[in-house]
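# Descriptive analysis of the structure
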Amino acid sequence: MTNASLNPADLRYLAAAGGAAPSLHNSQPWSFRPTSDGRGIAVYADTTRAVPLTDPDGRALYISVGAAVFNLRVAAAQLGRDPLVTLLPHGPDPAPAAVLDLSRRAHTHDADLYPAIALRRSSRLPFANRDVPERIVGELMAAADAEDVVLAVLEEADARRVLNLTAEAERRTAADLARQAETREWLRPEEPATDGIPYQALGPQDHDARVPVRGFTGHPPTPPTPTQRFEALPQVATLTTRFDRPEDWLRAGQAMERVWLTATLHGLRMSVLHQAVEWPDTRASLRDPHTGPGYVQMVLRMGYGPPGAATPRRAVEETLQPTETGGDTPAADGSGARTDAPVVSGPR
Ligand SMILES: Cc1cc2nc3c(=O)[nH]c(=O)nc-3n(C[C@H](O)[C@H](O)[C@H](O)COP(=O)(O)O)c2cc1C
């Protein structure tokens, strides 16, 4: 145990790591605030950055926030602290999505993942026809399992089933003009930007239509996107939670990021194929009938190939908010009082 408060440099270090997490359309729907005792950090879901047509339940928003929580845990480990995480603590309204009590000093192996935070990127480019070795698949499954989430790396028939569902969802999204317009709002053709997706980070369309990449720039793509040949059998994995509540979405986000950072250290690239999760019926069909109950929260494509281009991030000055005076920020045990942080809404 230590009483050492987090100093401003620690807080900036933590917030920078949290802010580097992946998020739907790079919406970065989070903010961070030191706890009133100065020994922890609270993470708030920022619903002003929601993507409501694509993500009406706030599922992707909470998954994104969960990924930020995991990066904070890794950065805390790098600072020599062993975080105690409380998800959705009761108390203040609006409540934080998570509170990390960082008062315990201890070495944890999560610090080993720290270099991967800056290296990790979505790669929407074609991958090589090269299998991920069993040993690494095992490590990725263990990474998800550590967060109480199941990573299934799919065999050929299941991978094709999931890719077909993704293609079906992509067709539906393509026919939905309001969703298309919403997605385009997050494209950033002009630099500089602090959020959204720059054109350079988008990939080609698959010449053989095996990988149903998201049509960020419309159908047909405008400006026209070249096609390229993708890997013959895409390696696809799903992340499944036991229940389907916001805390499960936060868990899925943490698992996704633990898997992604672990994969990054092994030189693996990943991208998200999220379209089928965005329609209730295709989401339900993602579930593997053989593996029993559970809710698929994420579809990931993995393989070996070039890295994706970097995407921008909001400045720490914007995401890291001050502790309120009067001691009314949430305590690490979630018993704090009201704050003026962004309103957390959505199903609870
Ligand atoms: C919940 C969620 C859904 C996403 N869905 C997609 C998707 O369908 N297609 C895609 O190419 N990227 C998807 N992404 C990746 C984001 O676009 C990406 O994380 C963001 O633009 C930041 O880029 P980076 O991952 O390179 O840091 C998703 C990410 C999250 C967390």
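Anyway, here's the lowdown on the structure attached to this text. (Residues numbered from 1 in each chain as written. Predicted model: local features only at pLDDT ≥ 70, side-chain atom pairs only at ≥ 80, totals over all residues. Heavy atoms only, no water.)

## Comments concerning the nonpolar core
Note the cut-off: Remark: nonpolar core denotes a set of buried residues (Ala, Val, Leu, Ile, Met, Phe, Trp, Tyr, Cys) joined through side-chain atoms within 4.5 Å. For every residue, the accessible area obtained with a 1.4 Å probe (protein chains only) is divided by the maximum for its type, and the residue is called buried under 20%, exposed over 50%, and partly exposed between those limits. Only DSSP runs of H or I with at least four residues qualify as helices, and only runs of E with at least two residues qualify as strands; both kinds are numbered from the N terminus onward. Where each domain starts and ends comes from a domain assignment, either automatic or drawn from a database. Any two residues having at least one pair of non-hydrogen atoms within 4.5 Å are treated as being in contact.
Among the nonpolar cores identified, the biggest contains 59 residues, and Phe32, Ile41 and Leu140 are the most heavily contacted of them. At twelve residues, the largest contribution of residues to this core is made by helix 2 (residues 59-78). Split by domain, the residues of this core number at least three in each of domain 1 (8-117 + 312-319) and domain 2 (121-303). With near-sequence residues (within four places) excluded, Leu140 lies in contact with Leu151, Val259, Thr262, Ala263, Leu268, Met270 and Met302.

## Notes on the pattern of salt bridges
Charged atoms that come close allow side chains of opposite charge to pair. Let me state the cut-off plainly: For this analysis, a salt bridge means a side-chain nitrogen from Lys or Arg found within 4 Å of a carboxyl oxygen belonging to Asp or Glu.
Going through the model one piece at a time under the given rule, you end up with 24 salt bridges. Residue Arg59 pairs with Asp244 through a salt bridge whose shortest N-O separation is 2.8 Å. With a gap of 185 residues between them, Arg59 in helix 2 and Asp244 in the loop between strand 10 (235-241) and helix 7 (246-265) connect regions that are remote in the sequence. Here Asp244 falls in the partly exposed class, since its relative accessible area comes to 27%. Between Asp110 and Arg258 there is a salt bridge whose closest N-O contact spans 3.1 Å. Here Asp110 is found in the loop between strand 4 (98-101) and helix 3 (114-119), whereas its partner Arg258 is found in helix 7, with 148 residues between them in sequence. Across this residue pair, the class does not change: Asp110 and Arg258 are buried. One network of salt bridges, with partners in common, ties together Arg73, Asp110, Glu147 and Arg258.

## Describing the packing of helix 2 against helix 7
The cut-off we apply is this: Fitted lines through C-alpha atoms serve as axes, helices being fitted only where they are in contact, and the angles separating the N-to-C directions of these axes extend from 0 to 180 degrees. When an angle is under 35 degrees it counts as roughly parallel; over 145 it counts as roughly antiparallel; between 65 and 115 it counts as roughly perpendicular; any other value is oblique. Whether a crossing is left-handed or right-handed is set by the direction in which the near helix is turned from the far one by less than a right angle, anticlockwise for left-handed and clockwise for right-handed. Here the term charged refers only to Asp, Glu, Lys and Arg, the term nonpolar to Ala, Val, Leu, Ile, Met, Phe, Trp, Tyr, Cys and Pro, and the term polar to all other amino acids, Gly among them.
Interaxial distance between helix 2 and helix 7 falls to 6 Å at its minimum, and their mutual angle equals 50°. Judged by the inter-axis angle, helix 2 sits oblique to helix 7. The crossing of helix 2 and helix 7 is right-handed. Residues Arg59, Tyr62, Ile63, Val65, Gly66, Ala67, Val69, Phe70, Asn71, Arg73 and Val74 of helix 2 touch helix 7, and the partners they reach there are Pro246, Trp249, Leu250, Ala252, Gly253, Gln254, Met256, Glu257, Arg258 and Leu261. A per-class count over the contact of helix 2 with helix 7 returns 13 nonpolar, four polar and four charged.

## A look at the environment of Met298
Mapped onto the fold, Met298 is located in strand 12 (residues 295-303). As a C-alpha pair, Met298 and Gly80 span 218 residues in sequence and 31 Å in three-dimensional space. Setting aside its immediate chain neighbours within four residues, Met298 contacts Ile63, Ala237, Thr238, Leu239, Met256, Val272, His274 and Val277.

## So, the side chain of Asp55
For the record, the criterion: Charge counting follows a simple rule: Lys and Arg are positive, Asp and Glu are negative, and His as well as the terminal groups are ignored.
Among the structural elements, Asp55 can be located in the loop between strand 2 (40-45) and helix 2. Buried within the structure, Asp55 lacks any salt-bridge partner; its nearest side chain of opposite charge belongs to Arg59, at an N-O separation of 5.7 Å. If we skip the residues at most four places from it in the chain, Asp55 touches Leu24, Ala60 and Leu61.

## Re the sheet that holds strand 10
Our working definition: In short, DSSP must find at least two bridges between two strands for them to pair.
Taken in spatial order, the four strands line up as 5-10-12-11 in an open sheet, and their pairing is antiparallel. Each edge of the open sheet carries a strand with a single partner, namely strand 5 (150-153) and strand 11 (269-272). Averaged over all pairs of adjacent strands, the angle between strand axes in this sheet comes to 30°, irrespective of strand direction. For strand 10 and strand 12, the ladder comprises seven bridges, and the chain directions are antiparallel. If you follow Thr238 over to strand 12, its bridge partner there is Val299. Sheet strands touched by helix 4 (residues 134-145): strand 5, strand 10, strand 11 and strand 12. Its angle to strand 5, the strand with the most contacts, is close to 155°. Running at roughly 145° to strand 10, helix 7 makes contact with strand 5, strand 10, strand 11 and strand 12 of the sheet.

## Remarks on the pairing of strand 12
Sheet faces and side chains relate simply in a regular strand, where the side chains alternate between the two faces. Counting buried positions along strand 12 yields eight of nine residues, so the element is predominantly enclosed. Bridge count for strand 11 against strand 12 is four bridges, and the pairing is antiparallel. Along strand 12, the bridge assignment pairs Ser271 with Arg301.

## Concerning the sheet that holds strand 3 (residues 84-87)
Strands sit in the order 1-2-4-3 across an open sheet of four strands; the sheet is antiparallel. Edge positions in the sheet fall to strand 1 (30-34) and strand 3, since each of these pairs with one other strand and no more. Between one strand axis and the next, the sheet turns by 20° as a mean value, whatever way the strands run. Note: strand 3 against strand 4, four bridges, orientation antiparallel. Among the inter-strand pairings, Thr86 is bridged to a residue of strand 4, identified as Val99.

## What about helix 5 (residues 156-175)?
Rules: Each helix should span, by expectation, one fewer than its residue count multiplied by 1.5 Å.
The first and last C-alpha atoms of helix 5 sit 29 Å apart over 20 residues, in line with the 28 Å expected at 1.5 Å per residue. Here helix 5 has its buried residues at Asp158, Ala159, Val162, Leu163, Leu165, Thr166, Ala167, Ala169, Glu170 and Thr173. Against the buried residues of helix 5 lie helix 6 (177-184), strand 10, helix 8 (280-286) and strand 12.

## Some thoughts on unusual backbone geometry
Cis rather than trans, the peptide bond between His219 and Pro220 has omega equal to 0°. Counting through the fold element by element, Pro220 comes out in the loop between strand 8 (205-206) and strand 9 (227-228). Of note in the backbone geometry, Asn26 takes a positive phi value of approximately 55° without being a glycine. Along the polypeptide, Asn26 turns up in the loop between helix 1 (8-19) and strand 1. Its identity is not glycine, yet Leu88 carries a phi of approximately 45°, on the positive side. Topologically, Leu88 is positioned in the loop between strand 3 and strand 4. Using a relative accessible area of 13% as the deciding quantity, one classes Leu88 as buried.

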